[in-house]
Amino acid sequence: MATPEFILELRKKIGHDPLWLSGVSAYVEDDEGRVLLGRRADTGEWALVYGINEPGEEPAVTVMREVKEETGVDCVPAELVSVKSSTVMLTYANGDQAMYMDHLFLCSLKPGGNAEPFVGDDESLTVGWFSPDNLPQPLAKTTVERMGYVNEFRRRGDHRALFSIE
């Protein structure tokens, strides 16, 4: 399901008013260094797996759940790359408004788990592994931005999550 039930229930009460939501993104790598991407059904763009935390759900658990639901791949969050808040109010086609705080995780394959991606829900048209040097197009703007965070995180090498203090 694209919109979690708790949000649908909130929308009955608040209509299209802005919501502040907590979400996650997963930069999942396989043993060959390829990244897991899905082609989104709503935009046609290629993107990292991302989703919204359920109430009380740990962000790392959300990452594993979203990756499994959308791609069938079993992953393990290894490092928290960034915690970033959106500065842009999104307005969806139905008029709903939302802003997000995103937790970006660098993930590896779960030992003994499934590594063969398949479309697991109606959010993706197709999913697959891609070399970072040969990514499919078009890439979602948020995916380009988050891949930049992963590159900066690795370049710094101190294993501390990126965040803004401004």
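Here is what the cut-offs are and how they apply
Residues numbered from 1 in each chain as written. Predicted model: local features only at pLDDT ≥ 70, side-chain atom pairs only at ≥ 80, totals over all residues. Heavy atoms only, no water. UniProt positions renumbered as here; feature names shortened; annotations may be inferred. Helix = DSSP H or I, 4+ residues; strand = E, 2+ residues; numbered from the N terminus. Polar contact = N/O pair within 3.5 Å; in protein donor to acceptor, adjacent residues only side chain to side chain. Contact = heavy atoms within 4.5 Å. Phe/Tyr/Trp six-rings, centres within 6.5 Å; stacked < 30°, edge-to-face > 60°. Buried < 20%, exposed > 50% of the residue type's maximum accessible area, 1.4 Å probe, protein only. Pairing = 2+ DSSP bridges. Core = buried A, V, L, I, M, F, W, Y, C linked by side-chain atoms within 4.5 Å.

The name given to the protein in an unreviewed UniProt entry is NUDIX domain-containing protein, with the source organism recorded as Bifidobacterium saimiriisciurei. Quoted verbatim from the Cofactor (unreviewed entry) field of the UniProt record, the comment on the protein reads "Mg(2+)".

An account of the side chain of Ser25 is requested, with residue identities and associated values reported.
For Ser25, the location among the structural elements is in strand S1 (residues 19-28). Here the side chain of Ser25 touches Asp102 through a polar contact of 2.9 Å, side chain to side chain. For Ser25, the side chain forms a polar contact with the side chain of Arg146, separated by 3.0 Å. Ignoring sequence-local partners within four residues, the contact set of Ser25 consists of Val49, Tyr50, Val63, Asp102, His103, Leu104, Phe105 and Arg146.

An account of the packing of aromatic side chains is needed here, citing residue identities and associated values.
Aromatic rings considered in pairs are described by the distance between their centres and by the relative angle of their planes. With the rule as written, the count across this model stands at 1 aromatic pair. Aromatic side chains Trp46 and Phe130 sit 5.1 Å apart centroid to centroid with 70° between the ring planes, which places their arrangement in the edge-to-face category. Here Phe130 lies in strand S8 (residues 124-130) and Trp46 lies in strand S3 (residues 46-47), a separation of 84 residues in the sequence. The class for Trp46 is buried, based on a relative accessible area of 8%.

Now, about the sheet that holds S8: what can you tell me, with residues and values included?
One open sheet holds the 3 strands; their spatial order is S3-S2-S8, and the pairing between them is antiparallel. Since the sheet does not close on itself, it has two edges, and those belong to S3 and S8, each with one partner. Bridge analysis of strand S2 (residues 35-40) against S8 gives 6 bridges, and the strand direction is antiparallel. Its bridge partner lying in S8, Val35 is registered against Phe130.

Outline the nonpolar core, listing residues and values.
By size, the foremost hydrophobic cluster in this structure holds 16 residues, and its most contacted members are Tyr27 and Leu37. Mapped by element, the contributors of at least two residues to this core are S2, strand S7 (97-109) and helix H3 (141-156). Per-element accounting of this core gives the leading share, 4 residues, to H3. Once residues within four sequence positions are removed from consideration, Tyr27 is found in contact with Val35, Leu48, Leu104, Phe105, Leu106, Cys107, Pro132, Met147, Val150 and Arg154. Ranked by size, the runner-up nonpolar core spans 13 residues in total, among them Val28, Val67, Phe105 and Cys107.

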